Amino acid sequence: MKNILWFKELDRNSLAEAGGKGANLGEMLRNGFPIPNGFVTTSGAYFKHLEANDIKEPITKLLENLDVNDHEALVEASDKIKKMILEGNMPTDIRDDIVQAYKELNEMVGREVYVAVRSSATAEDLPTASFAGQQSTFLNIHGEENLLRAIKECWASLFEPRAIFYRTENKFEHMKVGLSSVVQMMVQSEKAGVTFTVDPLYNDPDILSIEAAYGLGEVVVSGQITPDTYRVDKNSMKIIDKSVVEQPWMIIKMDGENQKVEIKEEARGKQKLSDLEIKDLARICKKIEEHYNFPQDIEYAFERGNLYVVQSRPITTLKGMEKGEEKEGEEERKDVSEAKVLVKGLGASPGIGMGKVRLVETAKETSKMEKGDILVTEMTTPDFVPAMKKAAAIVTDTGGMTSHAAIVSRELGVPCIVGSQDATTVLKDGMEVSVDGSHGLVYEGLVSAPEAAAKRAEEGMARAPEAPITGTKIYVNLADVDQAEKVAQLPCDGVGLLRAEFMIAEIGSHPRKMIEEGRQEEFIEKLAGDLRKFAAAFFPRPVVYRATDFKTNEYRNLEGGEKYEPEEANPMMGFRGAARYLSEPEVFKMELQALKKVREEFHLPNLWLMVPFVRRIGELRAIKEALHEVGIYRTRDFKLWIMVEVPSTVFLIDQFCEEGIDGISVGTNDLTQLILGIDRDNATMAKGFDERNEAVLRALKQVISTCKKYGVTTSLCGQAPSVYPEFAERLVEYGTTSMSVNPDAIERTRRIVSSAEKKIVLHKLSRLTEGLADSTKQVKLEDE
């Protein structure tokens, strides 16, 4: 057996060499799933290390007559075995192969990379046993010596007390279980978590459960925080429900180390994954499940907008939810409807558990647990497993549906509640309680099982209603071409804002550099190719392309940008939008030629143009002339819009309409900051930035009412309508033609707008009825 195998050399049949984790990573990489690259040290290398240091026999003797329920004896044996492995000399050939593989990994990316080193036992990740958290994981390992040390630590972790206990209880022979170390390029995730492709509480195969948190995903797996939970219907890919939880801190890499950092106050309570990210992740996870033909427990991470699957393993906790046998003393139990609820949390493992509370602060105190106690702790780790096996139920302050406590309790069949926030302070040692793991409730005293459990479960599985039809068109904001086909399936009326910047950035070079190098056709072809994908995906619905609105500091980031872009003190109000087109007509002309190519050569007339950051009438006039020069004219099929983002455009909106436009879209972010004089990126002034300010609302009313007089369509691109129902109501009241929102807000905005439209209709009917009644009275008086 080789000492090293790359992921590309592994598949699902490589269990003996690479363990469950390594085999699964190789299988997924070979089948096109987004897996960070890496290699494994084989189980053969691990056994070779034991043999080279003559420690197999001493380890066997230490474990021969060990009582794993004697905690002190278990820890003593573990410490002796780990010391032998760590102090042993790694065979030279293994050391050389690891160093060479790490160098090759560095060469692939052109720098010395950070890696994650994970343990992959040859008996783990099987459909019947998860070995959850039994061996160690080391993150952000950097440098050859640190990597070699981490691999030895992984080997030694095969004999952690929890791992010895688990193998003994599950009747695995210690010396027949090998260990492979997975060395994988580190994903520095902005957000991460775990997905179960079958709902872990109700065992529903049609429901997929996602947990998410900011930073590295270990905080979700370990249960250190309570994550967001999203449930998705696997058939329709609709989001059924969400539980968004405030997250005060996260773990990220800083100065080469994992560090716990505070999260900004305004971000703590926000939804961690957007609706679009939830659905994209759900689709990938569904495909992985279909590939393995077995429900999967999948760890994922998002880095710079890219989704990576870090590992996938079979779910080992899909057991029937049988009702527990009635215990003696039933006559002394309270009816659940009369019982006082002491604690609420996430129901993580179904069933009812009753007994006395046992508060356990650390794994060292697990010896306090008696069989039938209720284990109450902040969070569990693998060292808690012996105590968890004794528990009638488990309650934790932190953690989510995929935390250690949740997974192990489901595997053990023990009722469990996680993420209660306050169980360790509310519940007192020795208190008699009943734990309803199905619904996340802890009752005072001993209670009878709730009769309405099935009904409440059914209500919890209710599907989200269909999005209503509205008179106001609901458009979508888009930028990423890879999302076009997916978003086109959502209930939107078209694209109200197609941003150019992502597409231009993908081309890579500054447009003026490409012109200087004679690469105009390359620019036009690439831009037209992306525009075509958007227009085709939404045809015949309109796609309103907003021409480039790069600010100078953003354009400088493109290849060659420093040569052409000035340094501005305030790029937000600098050389951007329409003014740039007049100064650099050759760049704007390339955009127009790409747009024309899509409309004429690919016969997609639903692609329109919107001009950003228009300040003066003369700019609009010059832009129309540029359109005519390339043969584009306003027709029934081609509409020209402008953005209303500057106060001057608000004041002169009648003149813009007279000059000749087909539509406008209000950019509420820029308009609000320019009206209020508040930089929206300034944290000190952030609280004052509000689109609902009366000055902004008056500007909107003036623009919409003026455009209506001229027959010019009106839209608005921003999140305010989906966040503030009263804002949407105002827009509908003013008579806006449409609103354009991000993909995750389409259905929510439709419901808000539908409600606003109904209120207005009812109000008008009420006024009409009152008017008719007044007219009837007047006629009657005249008759009299």
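As the structure is a computational prediction, the values presented were derived from the model and not from experiment. (Residues numbered from 1 in each chain as written. Predicted model: local features only at pLDDT ≥ 70, side-chain atom pairs only at ≥ 80, totals over all residues. Heavy atoms only, no water.)

Draft legend 1. Structural detail: the packing of aromatic side chains. Summed over the entire model, instances satisfying the criterion amount to six aromatic pairs. Centre to centre, the rings of Tyr300 and Phe302 are 6.0 Å apart; their planes meet at 80°, and the pair counts as edge-to-face. Exposure remark for Tyr300: the relative accessible area of 2% places this residue in the buried category. Judged by relative accessible area, Phe302 falls into the buried class, the value being 4%. An angle of 55° between the planes, with centres 6.3 Å apart, marks the rings of Trp608 and Trp641 as tilted. Of this pair, Trp608 sits in strand β25 (residues 607-611) while Trp641 sits in strand β26 (residues 640-644), and the two are 33 residues apart along the sequence. When sorted by exposure, Trp608 lands in the same class as Trp641, which is buried. A network of ring pairs unites the aromatic residues Tyr46, Phe47 and Trp155 as a single cluster. (Phe/Tyr/Trp six-rings, centres within 6.5 Å; stacked < 30°, edge-to-face > 60°. Buried < 20%, exposed > 50% of the residue type's maximum accessible area, 1.4 Å probe, protein only. Helix = DSSP H or I, 4+ residues; strand = E, 2+ residues; numbered from the N terminus.)

Draft legend 2. Summary view of the environment of Met175. Among the structural elements, Met175 can be located in the loop between α7 (161-169) and β5 (179-185). Remark: the alpha-carbon pair of Met175 and Ile59, spanning 116 residues in sequence, is separated by 8.5 Å. Not counting chain neighbours up to four residues away, the residues in contact with Met175 comprise Phe47, Leu50, Lys56, Ile59, Thr60 and Phe159. (Contact = heavy atoms within 4.5 Å.)

Draft legend 3. Layout of the nonpolar core. Within the largest apolar cluster, 86 residues are counted, with the highest numbers of intra-cluster contacts made by Phe538, Tyr545 and Ile664. At nine residues, the largest contribution of residues to this core is made by helix α18 (residues 520-538). If sequence neighbours within four positions are ignored, Phe538 has contacts with Val476, Leu478, Ala484, Val487, Ala488, Cys492, Gly494, Val495, Val543 and Asn606. Ranked by size, the runner-up nonpolar core spans 62 residues in total, among them Leu74, Ile98, Val183 and Val408. (Core = buried A, V, L, I, M, F, W, Y, C linked by side-chain atoms within 4.5 Å.)

Draft legend 4. Just the environment of Pro200, in detail. Here Pro200 is to be found in the loop between β6 (191-196) and β7 (207-214). For Pro200, a relative accessible area of 2% gives the class buried. Taking the C-alpha atoms as reference points, Pro200 and Ser349, 149 residues apart in sequence, are found 7.8 Å from one another. The contact partners of Pro200, leaving out residues within four places of it in the chain, are Ser209, Ala348, Met401 and Arg410.

Draft legend 5. Broad picture of helix α10 (residues 275-292). Counted at 1.5 Å a residue, the expected span for α10 with its 18 residues is 26 Å, and the 26 Å between its end C-alpha atoms agrees. The buried count for α10 comes to 13 of 18 residues, which makes it a mostly enclosed element. Just downstream of α10, Asn293 is the residue with a positive phi angle, here 55°. (Expected span 1.5 Å × (residues − 1).)

Draft legend 6. The arrangement of the side chain of Thr672 in detail. Relative to the elements of secondary structure, Thr672 occurs in helix α26 (residues 668-676). Within the structure, the side chain of Thr672 is placed 2.6 Å from the backbone oxygen of Thr668, a separation counted as a polar contact. Other than its neighbours up to four places away in sequence, Thr672 contacts Gly677, Phe689, Asp690, Glu691 and Val696. (Polar contact = N/O pair within 3.5 Å; in protein donor to acceptor, adjacent residues only side chain to side chain.)

Draft legend 7. Highlighting unusual backbone geometry. With an omega dihedral of 5°, the bond running from Phe539 to Pro540 counts as a cis peptide bond. Non-glycine residue Asp54 carries a positive phi angle of around 50°. Within the fold, Asp54 resides in the loop between α2 (43-52) and α3 (56-64). Within the chain, Asn293 stands out as a residue other than glycine whose phi angle is a positive 55°. Considering the arrangement of structural elements, one finds Asn293 in the loop between α10 and β12 (296-303).

Draft legend 8. Region of interest: the sheet that holds β6. The six strands lie next to each other as β9-β8-β7-β6-β12-β13, forming an open sheet whose pairing is antiparallel. Strands with a single pairing partner mark the edges of an open sheet, and in this sheet they are β9 (239-243) and β13 (306-314). With direction set aside, neighbouring strand axes in the sheet form an average angle of 20°. Sheet topology places β12 next to β13; eight bridges connect them, and they run antiparallel. The partner of Asp297 across the bridge, within β13, is Arg313. Most of the contacts of α10 go to β12, to which it runs at about 140°, and overall it touches β6, β7, β8 (228-233), β9, β12 and β13. (Pairing = 2+ DSSP bridges. Axes fitted to C-alpha atoms, helices over the stretch in contact; angles between N-to-C directions.)

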